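Architecture and fold: a report
Take a look at the letters that make up each chain.
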Amino acid sequence: MQSPWKILTVAPLFLLLSLQSSASPANDDQSRPSLSNAHTCVGCVLVVSVIEQLAQVHNSTVQASMERLCSYLPEKLFLKTTCYLVIDKFGSDIIKLLSADMNADVVCHTLEFCKQNTGQPLCHLYPLPKETWKFTLQKARQIVKKSLILKYSRSGSDICSLPVLAKICQKIKLAIEQSVPFKDVDSDKYSVFPTLRGYHWRGRDCNDSDESVYPGRRPNNWDVHQDSNCNGIWGVDPKDGVPYEKKFCEGSQPRGIILLGDSAGAHFHISPEWITASQMSLNSFINLPTALTNELDWPQLSGATGFLDSTVGIKEKSIYLRLWKRNHCNHRDYQNISRNGASSRNLKKFIESLSRNKMLDYPTIVIYAMIGNDVCSGKSDPVPAMTTPEKLYSNIMQTLKHLNSHLPNGSHVILYGLPDGTFLWDNLHNRYHPLGQLNKDVTYAQLYSFLNCLQVSPCHGWMSSNKTLRTLTSERAEQLSNTLKKIAASEKFTNFNLFYMDFAFHEIIQEWQKRGGQPWQLIEPVDGFHPNEVALLLLADHFWKKVQLQWPQILGKENPFNPQIKQVFGDQGGH
C-alpha cells in the first residue's frame, strides 16, 4: 500500500524508475537502503526478466526482444522514444550478460542498478547461482569491464533534473502532493481533464471558468439558466414553467460520496500484461500513459467512486453508481480523496483537497478507509512503526473535527475497519507470480522476500514467511479496528452521524467461492497485496447491502423522477 511500490510497474523503461511518488511516507529510518536505489533495483530486475522471457517466447535474440518491447510501448509520454534510448545506452551489456547465462539479479548487480551495501543482506528475486555469488559477480564484471556504461552516474537519471522539464515536474508533484487537479482553471478543485487528479478522481467540472459551478452544490436559482451543479439537469419545463431541477430534485435528498482512502481505495493496479512476456502485444501498453498520470491508480474503476463499466465482467457496481441509480440528481457527485501510502498519520497533509461547502453544498457520505498503512511498512522491523491505538484515536478525532467543520449538516461518516491480511501469505505464497509462470521460477514467497530484503515491500508484516510477524500485524490491525468501533459508538458531531463497518474480507471470499472462484483470484496478481477490481466491487456490494439493512437513512430516498430525468436529459452529459 506504500506508494513507492508503484515504481515497480514502470518496468518498461529505466527512465521512469527515478520517479519517486511524493505520496510516499517519509523515510526517517537511516538504516534502510535508499528507497530510490531499491526501486531502481526492482525495476531493473523486472525489465531484464521481461527482455529475457520475450527472447525465449519468440525464440529470438536478446537484441530483437529489446526492440520488440520498445515497439509495444506507446509514443505518449515519450515512452517508446525513451525505451530506444535505454537500449542504446544499456543494451550491449545486457546482451553480453544474458548471452553468458547470467540471470536478471546478476545483470542488475553488475550494472549497479542493484547494490549490496556493507553489512546488508544480498537481495535477489531468483534462486542464487550454483557457483558462489562473489565468483559469479566477478565473472559478470569481467564480461563488461570495458564498458563505458559503468562509468555513468546513476544519480543523474532523474528526468525531472532536465531544465526543460523541471517546471512541469514541479507542478505535477504539487498536484499529487495536494491531491488536487493539475488542470483546474477556476481553482474549484474540479477539472475537465481526466487524469492528474482530474475527473477520474472527482466529478467532471461542467464550467472550468466559473468557480461557483461544480458537482455537489445546491442549484443556483434552481439552475434555470445554467447547470450550476453539473448533474446535467437544468432549464425550465416549457409545459408548466417549472425549473427541471426543482421539479425532479427538490426533496429527493441528493447526496455525494467521498472516499478518504489509501491505494486500495484508489484501486492501485498493475496490469499483468506489462510484465508477462507470453501475453505481451501491441495492445498491452495502451493504458500505460493513463495509468502513469493517475499514479498507477484506477479510481474510475474503484469500488467506491468508479463510474466506468467494470472490466472484469461482474454485475456489481460501485457505491457511486448505485447512488446515481437511486437518485439521478446525484450525477457526478463523487470524490476519491485517496493516496498511495495514505494512513491516519498523514491524512492531514491532503484532507484539505476535499471539496465541500457546508452552506452551499448538499450533504455527503464520507467513507474513511485507511485499511493498511497504519500497520504496514517496508521496514525490516515493521512492528515499532505501526500506529498505536492511542495515536489512532488522536488522528481520527483530528480528522473528524475537520470534517465537522466542512461537511453540510445531514452528512454521514462511516469508519472502515482494517482487514486480517494473513490470507495473503496463506493463499499466495506457494503460487507462481506472473513473472515466474513461464519458467516456474518465481513464487510470491520469493517476491515477498526480495521486496522485504530491499525494504520496499508494501506490507512486510503480512507479506512475510514469519508467522509470528504476520500474527502480530493482524493483532494490531484488530486493535485499531476496535478503536475505530469505539469512536463510532461514543463520539457525536453536529454535522454528521458516525458509523463503523468491519472490513469483512472473509465474507467477500465466501461469496466469491460460492461463485466457483478461489481466494487468490481476489488479489492483484502483480503486487500480490491489493484487493483487485473484483474484490473492490464485491466489497461495494457488501457495503451497500449492509447500509440498506441497518442504516437506510444514509442512502437517501429513491427518486421517482429518475425515468423522467433520463427521458429529458439522456445520460446527463456523461461522466
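Just so we're clear, the structure is a prediction, and the values are computed from it rather than from any experiment.

1. Focus on unusual backbone geometry
Leaving glycine out, the prevailing phi sign among residues is negative, and the prevailing peptide bond configuration is trans. Located in the positive-phi region is Leu196, a residue other than glycine, with phi close to 50°. With respect to the helices and strands, Leu196 occurs in the loop between α6 (163–178) and α7 (244–249). The phi torsion at Lys440 lies on the positive side, around 55°, for a residue other than glycine. Considering the arrangement of structural elements, one finds Lys440 in the loop between α12 (422–428) and α13 (444–454).

2. Observations concerning the state of the cysteines
As enumerated under the stated definition, the model contains 7 disulfides in all. Residue Cys206 pairs covalently with Cys230 via a disulfide, S to S 2.1 Å. Of note, the bridge from Cys206 to Cys230 carries an S-S torsion of about -80° and is left-handed in sense. On the criterion of sequence distance, the pair formed by Cys206 in the loop between α6 and α7 and Cys230 in the loop between α6 and α7 is long-range, its members being 24 residues apart. Residue classification places Cys206 among the partly exposed residues on the basis of a relative accessible area of 36%. Paired by a disulfide, Cys376 and Cys459 hold their sulfur atoms 2.1 Å apart. Between Cys376 and Cys459, the S-S dihedral sits near -70°, and the bridge is therefore left-handed. You can see Cys376 sitting in the loop between β3 (364–369) and α11 (389–406) and its partner Cys459 sitting in the loop between α13 and α14 (467–490), a full 83 residues away along the chain. Given the relative accessible area of 3%, Cys376 is considered buried.

3. Digging into a negative patch on the surface
On the surface, a cluster of negative charge is contributed by Asp420, Asp426, Glu475 and Glu478. On the secondary structure map, Glu478 appears in helix α14.

4. Considerations on the packing of aromatic side chains
We describe a pair of aromatic rings using the distance from one ring centre to the other and the angle between the two ring planes. On inspection of all chains with the given rule, the structure shows 15 aromatic pairs. Centre to centre, the rings of Tyr416 and Phe543 are 6.4 Å apart; their planes meet at 40°, and the pair counts as tilted. Of this pair, Tyr416 sits in strand β4 (residues 411–416) while Phe543 sits in helix α16 (residues 533–550); the two residues are 127 residues apart in sequence, bridging distant segments of the chain. Over the ring of Trp520 we find Arg431; its NZ or CZ atom is 3.7 Å from the centre of that ring.

5. Side note on the pattern of salt bridges
Throughout the structure, instances matching the rule amount to 12 salt bridges. Between Asp309 and Lys317 there is a salt bridge, and its shortest N-O distance comes to 4.0 Å. Taking the relative accessible area as the measure of exposure, Asp309 reaches 60% and is therefore exposed. A relative accessible area of 37% places Lys317 in the partly exposed class. We note a salt bridge from Asp541 to Arg322, for which the minimum N-O separation is 2.9 Å. In this pair, Asp541 is assigned in helix α16 and Arg322 in helix α10 (residues 319–326), connecting sequence segments 219 residues apart. Overall, the relative accessible area of 16% leaves Arg322 in the buried class.

6. Quick notes on the environment of Gly256
Within the secondary structure layout, Gly256 lies in strand β1 (residues 256–261). On the basis of relative accessibility, which here comes to 0%, the residue Gly256 falls in the buried class. Distance from Gly256 to Ser474, taken between C-alpha atoms, is 33 Å for residues 218 residues apart in sequence. Ignoring any residue separated from it by four or fewer positions in sequence, one finds Gly256 in contact with Leu323, Asp333, Arg356, Pro363, Thr364 and Ile365.

7. What about the packing of α11 against α14?
Where α11 meets α14, the axes come as close as 10 Å, and the angle between the chain directions of the two elements is 40°. With respect to each other, α11 and α14 are oriented oblique. Note on packing geometry: the crossing formed by α11 with α14 is right-handed. Seen from α11, the contacting residues are Pro389, Leu392, Tyr393, Ile396, Met397 and Leu400; seen from α14, they are Arg476, Gln479, Leu480, Thr483, Leu484 and Ile487.

8. Focus: the UniProt feature "domain: Saposin B-type" (unreviewed entry) in the chain
Those residues carrying the UniProt feature "domain: Saposin B-type" (unreviewed entry) are residues 37–118 in this numbering. As annotated, residues 37–118 has a helix share of 73% and a strand share of 0%, and its two end C-alpha atoms lie 15 Å apart.

Reading the values: the criteria
- Residues numbered from 1 in each chain as written.
- Predicted model: local features only at pLDDT ≥ 70, side-chain atom pairs only at ≥ 80, totals over all residues.
- Heavy atoms only, no water.
- Helix = DSSP H or I, 4+ residues; strand = E, 2+ residues; numbered from the N terminus.
- Disulfide = S-S within 2.5 Å.
- Buried < 20%, exposed > 50% of the residue type's maximum accessible area, 1.4 Å probe, protein only.
- Patch = residues over 30% accessible without salt bridge, like charges linked within 9 Å, V, L, I, M, F, W, Y side chains within 5 Å.
- Areas by Shrake-Rupley, 256 points an atom, 1.4 Å probe, with all protein chains shown as cover.
- Salt bridge = Lys/Arg side-chain N within 4 Å of Asp/Glu carboxyl O.
- Lys, Arg positive; Asp, Glu negative; His and termini not counted.
- Charge placed at Lys NZ, Arg CZ, Asp CG, Glu CD.
- Phe/Tyr/Trp six-rings, centres within 6.5 Å; stacked < 30°, edge-to-face > 60°.
- Lys NZ or Arg CZ within 6 Å of the ring centre and 35° of its normal.
- Contact = heavy atoms within 4.5 Å.
- Axes fitted to C-alpha atoms, helices over the stretch in contact; angles between N-to-C directions.
- Parallel < 35°, antiparallel > 145°, perpendicular 65-115°, else oblique.
- Left-handed = near helix turned anticlockwise from the far one by under 90°.
- UniProt positions renumbered as here; feature names shortened; annotations may be inferred.

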